[in-house]
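Structure assessment
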Amino acid sequence: MSGRREALVAAAWKQGGKQPIGKGRKRKNSEDDGYFVPASNGAKESNNVIGIIERIRLENFMCHTEFLWEPNPCVNFVTGNNGSGKSSVLQGLVLGLMGESKHIKRYSKISEFVKKDCSKAVIQVTLRNTGEDAYKPEIYGSSLTFQRTITDAGSSSYLLKDENMKDVVRKSKDAKDECKRILDKFQIQVDSPIVILQQDEAKELLKIESPHQLYRFFEKATLIKQCFDEYSEAQAEYTKVQDNLKEKNKSLRQLTAEYKKSKIRYEEIKASQEMNGELMVAKGEYAWVRVHAARKNIIELQENIKKLTEMMEQHRERLMSAHELLAEKKLRKTEMSVCLEDESNKFGAQEQDLIKLKEELDKLKQDLKELNSSLKSETNNKNSLAQEIRVLQDQINFLGERETKGELQRKEQRRVAILANLEEEKKNLEEKINQEGMTREAQDLKIKQDQEKILLIEKEIKNKRERRAMLQRELDELQGASEQHLAVFGAKIPLVDKAIKRSNQFRHTPVGPVGAYVKLTGEAATQPEVGRLVETEISRAHLTAYLTNDDHDRRVLMRIFDDVYGSDGRNKPRIFTSKFFAVNHNVRRPRCSEPVLIDYIQVESPVVFNHLVDQKSIESILVCRTQDRAKALMTRRADVPEGVAYAITHDFYRFFPARENASYRSYYIEIPLGSGMLRATMLNLVEERRDEMNGLNEHLGDMEVEKAEVFKSQKSFEAEKRRAMTEIQRLRKEVANISSQISKVKSENESGDGDSENLRARLRTRQTELAVSEEKIEEILSDRESTTRLLREKEGSFKENKKQLNELKTSTNPITRELRVLESEISSKTKEMLNQEKLIKKIKSEIESLKADIKRNEEEEKQFSVAAKKITKKELNPDKSLKQLNAKIVQLKKKLAMKQENQDVEVFVEEFNHLREKYSKLKKNIENLNEHLEVVAKMKNDRSENIMWIRTMITNSVRRRFNLMIKKFSACTGSEIFLRIDHVKKELRFVFKTENGSHTNSDVSSLSGGEKSYTQMCLICALWDMMQPPFRCLDEWDVFLDAVNRKEISKELLNFSLNNKDRQFIFISPQGACDLSSVDHGVVSVTEIKKS
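Below or above, wherever it landed, is the structure these notes cover. (Residues numbered from 1 in each chain as written. Predicted model: local features only at pLDDT ≥ 70, side-chain atom pairs only at ≥ 80, totals over all residues. Heavy atoms only, no water.)

**Digging into the sheet that holds strand 5 (residues 143–151)**
Strand order in the open sheet made by the six strands is 2-1-4-5-6-7, with antiparallel pairing throughout. Edge positions in the sheet fall to strand 2 (64–69) and strand 7 (167–169), since each has one partner strand and no second. Shown here is a sheet whose adjacent strand axes are inclined to one another by a mean of 20°, direction ignored. Looking at chain direction, strand 5 and strand 6 (residues 156–161) are connected through six bridges and run antiparallel. By the bridge assignment, Thr-149 is partnered in strand 6 with Ser-157. Along the sheet, helix 2 (residues 86–96) contacts strand 1 (53–61), strand 2, strand 4 (120–128) and strand 5; its crossing angle with strand 1, the most-contacted strand, is approximately 100°. The strands touched by helix 5 (residues 172–186) are strand 4, strand 5, strand 6 and strand 7; relative to strand 6, the strand with the most contacts, the crossing angle is about 60°. (Pairing = 2+ DSSP bridges. Helix = DSSP H or I, 4+ residues; strand = E, 2+ residues; numbered from the N terminus. Axes fitted to C-alpha atoms, helices over the stretch in contact; angles between N-to-C directions. Contact = heavy atoms within 4.5 Å.)

In structure tokens, the structure reads:
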């Protein structure tokens, strides 16, 4: 606001204001309070004022589909019929310059300004940007364009363009902030009625007669109201700070009392601490005695390590010799395996021929089975036809004899009995068909289940065989590995280690595998289940991982992995990259009696230690013996020890602590197979792999047996299905035969004399069918005989080929025997290596134990050395023993404890220091705040005086200009009109005087419409002359004027505009412009807007 206030002051002084004349001097009739009224400066020759409107473009805005207007830089009259869109141009100007719809008082929603049936409206307003006060001319040039896009959904976006209409600021939020800065620079307030007087505001203004409403108009137009509003807000903030200061003073009084009380106790404790001198000397001597003892132990332990190291080197030489012999044996084994494979390939073709011959045999057997089935079916058909022929012959013979009436009755009775027997037999056969159908469906379901079971078994067999092959390769690699201690982390880890040692591309040699630097200690070393728990928590991925110092080393190591592992990406170790540090991280243990994961491991490398701290947080994982203990610690948030991530238990459960929005959670930890890596040796690793291999072989054997049983079961189900289908076919033929017999018996009573001929015709047909059936049986018998003969020939060839193949395989027996011998020798040599490795491991374990003792003594020596130096500053050689010094320290502590009365001195001193610091800070803060408030109070008073001075200057300037402009009108009315502004009552009045000087009245309503309009237009011009915005707009200012008054007021407005050519004026009226015959047309422009 300070920049705007300075602009107002500059504008006030621009009017040439002088100091008032002395008190008591006679005022002139103009009643301008004695201020000098200067003559107009006249129009300037050039117009370089920033902010002049150069172009307005509207698209789909209100009634305008496409509108472009480049107004005159001086005076513009805009005319047109009602509804043509004149006011829309002014409203577009307000919205384009970031105005809000409430300033226009046309629509409540911004989306209502979009033309009907259009999705958006675009407003572009181009302002001049020239002269010394131009805004960033190097970016925007001589003009800048505001663009606002309004959508029918009610959203707006902003853009800023340079003189070439190129986007400068595209983001809507950034553009909006930049627009505000530009408008402040150009002194444009679109919500000010002095800058833009909207149609509705103009009508309301011309109707205003209340002095209070006129005063509010004056305050808004001159920005005085904004100054007072901002001052009120600042005053409210000042009051809040004073209240805050009172609270701080109250807190300071309480803190001062507490500080004085604690200070007395602190001085008492300080006096008692002087008794610690003798105790500290005794502690120093005690510490130096411990240091000397630790140094002596370290020397003895180092001598023992040297002896054990010499023994271990001897065993390592034997182990390397065994490695060389084992490598030769394995190479010979590989050569023999290749020879065996070559020999086996020679009789591979014979094996394929034998398989094809077996398939042909199976097909012939199936064909023979189908022929037997067809023969059986045709034989049944033949028997059925023979039976039907015998029945027909009996019927014909029977009809040939004379039948008496009694014989006919007996015949009818016999026919009924035959029908009943045939129906009963047909019903029984249909029931058998249904039963056989159910049997066939049941066999189908069982066959399908067996097929699915076979597929699953075959898939599992395939997976087991692949696993067996992989285990065999891993065993071969483990047995041939040169670095046996690394092979436990992966069969190819020794190869990776060799490649790393050979490479000279690393800036820092990678560290890995991580597990090689981690040893189990405490319960984890003695109890296998605890060790397995620790290894599971660290995870296999981290134990086999490698660590690099930077990304360059990571890429080099990745290339080595690609060379060693090839396409086997699944077994590649992980790589972690982080800066190598030579010292361990300073970890903070949780405040809890339970051990943490870091207590169960010993890490030899600081790099590995820091990695496990960073990646696995080993210092924050509790290890509890029971679930009850872990649950008790993790259930309630208040019970969770500080710095604990979660807890694990000896029975493999993980407990996560309760959080703000969730209770505690527990999960079971999957136990991995095997003995683990940290506890593993080459011996037990090879044994595990062999045990797994044996288990796989046994499982494969069981699965092959199971598969054979399922195949056998499937074959039996298929045989039962074929039997059921054959039986169904036979039964259906019998049913058809019985149905035929039933039809014949039923037709006997109806046939009459024609029965004999019909029966003979049917007999001939059945005899023909019987002959065809006999011929078909003969054909099937012939095919069966040829198929049987071919089957015998194929079986003979199969036996012969199988015998030859067995003879060929016998030729490979010497190679197989040699392979067995080599495998036996390799196994023996492997056992010898494992024994050597056991010895090396045992010695190494002893060395590690001695190193741990050395490390413990070194830590003890370092710890007591540091403590001793803190006390004595230099090394001592005390005469007293460790026991004597300890007794002296105990006695001194008892005396000191009695003097201090069991006070917790350290805690109190820490609390006192904290209290003293808090007291000093609060006191200094209050002093600074008081000083700042004094400065702010002075600034506040200065600001209040400045606002009052600005208001006085603006009031005098506006009143002076108004009185000057109204003189001509006063002469016409026969009375003088003066402007009176009362800031106490907040009233703006027009005072009328007669020629003799007596006051008539101050009621605006006593004026005619034209007089009132002229008076208020003079007020607007006076405000214009004071505020000096770059452009001024009036919309329908002449709405209540008749022709005469309109002409006079238009003329005055035009003269005012021509006298201020450095500013731009826009007058909108449906009644056209005034008389412009004597005006330079380059200065004034008339624009007519027509209805679209």
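**Side note on the sheet that holds strand 22 (residues 1084–1088)**
Spatial strand order, 8-20-21-3-22: five strands in an open sheet with parallel pairing. The open sheet has two edge strands, strand 8 (196–197) and strand 22, and neither has a second partner. Note that strand 3 (residues 75–79) and strand 22 share five bridges and pair parallel. The partner of Asn-76 across the bridge, within strand 22, is Ser-1085. Helix 2 rests against strand 3, strand 8, strand 20 (1031–1035) and strand 21 (1064–1068) of the sheet, and its axis sits at about 140° to strand 20.

**Brief notes about the pairing of strand 1**
Bridging between strand 1 and strand 4 involves six bridges; their strand directions are antiparallel. Along strand 4, the bridge assignment pairs Arg-55 with Thr-126. The pairing of strand 1 with strand 2 spans five bridges and is antiparallel. Within strand 2, the position partnered with Glu-59 by the bridge is Glu-66.

**Comments concerning the packing of helix 13 (residues 493–502) against helix 17 (residues 551–565)**
Viewed as axis vectors pointing N to C, helix 13 and helix 17 meet at an angle of 135°, and their least axial separation amounts to 10 Å. The angle between helix 13 and helix 17 places the two elements in the oblique class. Crossing of helix 13 over helix 17 shows right-handed handedness. The segment helix 13 lies against helix 17, with Ile-493, Leu-495, Val-496, Ala-499 and Ile-500 engaging Leu-557, Ile-560, Phe-561, Val-564 and Tyr-565. For the contact of helix 13 with helix 17, a count of residues per class yields ten nonpolar, no polar and no charged. (Parallel < 35°, antiparallel > 145°, perpendicular 65-115°, else oblique. Left-handed = near helix turned anticlockwise from the far one by under 90°. Nonpolar A, V, L, I, M, F, W, Y, C, P; charged D, E, K, R; others polar.)

**What to know about the environment of Lys-572**
With respect to the helices and strands, Lys-572 occurs in the loop between helix 17 and strand 11 (575–577). For Lys-572, a relative accessible area of 23% gives the class partly exposed. Along the backbone, Lys-572 and Asp-562 are ten residues apart, and their C-alpha atoms lie at a distance of 8.5 Å. For Lys-572, the contacting residues outside a window of four places in its chain are Phe-561, Asp-562, Tyr-565 and Gly-566. Polar side-chain contacts of Lys-572 include one of 2.5 Å to the side chain of Asp-562. (Buried < 20%, exposed > 50% of the residue type's maximum accessible area, 1.4 Å probe, protein only. Polar contact = N/O pair within 3.5 Å; in protein donor to acceptor, adjacent residues only side chain to side chain.)

**Describing the packing of aromatic side chains**
Tallied over the entire structure, the rule returns 14 aromatic pairs. Pairing Phe-561 with Tyr-565 gives two aromatic rings, centres 6.2 Å apart and planes at 90°, and the pair type is edge-to-face. A residue pair is termed a helical-turn pair when its members lie 3 or 4 positions apart in one helix, as Phe-561 and Tyr-565 do in helix 17 at four residues. This pair shows no difference in class: Phe-561 is buried, exactly as Tyr-565 is. Between the aromatic rings of Phe-1065 and Phe-1067, the centroid separation amounts to 6.2 Å while the plane-to-plane angle is 10°, which identifies the pairing as stacked. Summarising the burial analysis for this pair, Phe-1065 and Phe-1067 share the class buried. (Phe/Tyr/Trp six-rings, centres within 6.5 Å; stacked < 30°, edge-to-face > 60°.)

**Comments concerning a negative patch on the surface**
Together, Glu-423, Glu-424, Glu-430 and Glu-431 give the surface a local cluster of negative charge. Mapped onto the fold, Glu-431 is located in helix 11 (residues 405–479). Taking the relative accessible area as the measure of exposure, Glu-431 reaches 41% and is therefore partly exposed. (Patch = residues over 30% accessible without salt bridge, like charges linked within 9 Å, V, L, I, M, F, W, Y side chains within 5 Å. Areas by Shrake-Rupley, 256 points an atom, 1.4 Å probe, with all protein chains shown as cover. Salt bridge = Lys/Arg side-chain N within 4 Å of Asp/Glu carboxyl O. Lys, Arg positive; Asp, Glu negative; His and termini not counted. Charge placed at Lys NZ, Arg CZ, Asp CG, Glu CD.)

**Some details on the pairing of strand 14 (residues 646–649)**
Neither face of strand 14 is left uncovered, since the one carrying Tyr-646 and Ile-648 and the one carrying Ala-647 and Thr-649 both have all their residues buried. Between the parallel pair strand 13 (residues 621–624) and strand 14, the chain is carried across by helix 19 (residues 627–634), and the sense of this crossover is right-handed. Bridging between strand 14 and strand 15 (residues 653–656) involves two bridges; their strand directions are antiparallel. Directly across from Ala-647, in strand 15, lies its bridge partner Phe-655. (Right-handed = clockwise from strand over helix to strand, strands pointing away.)

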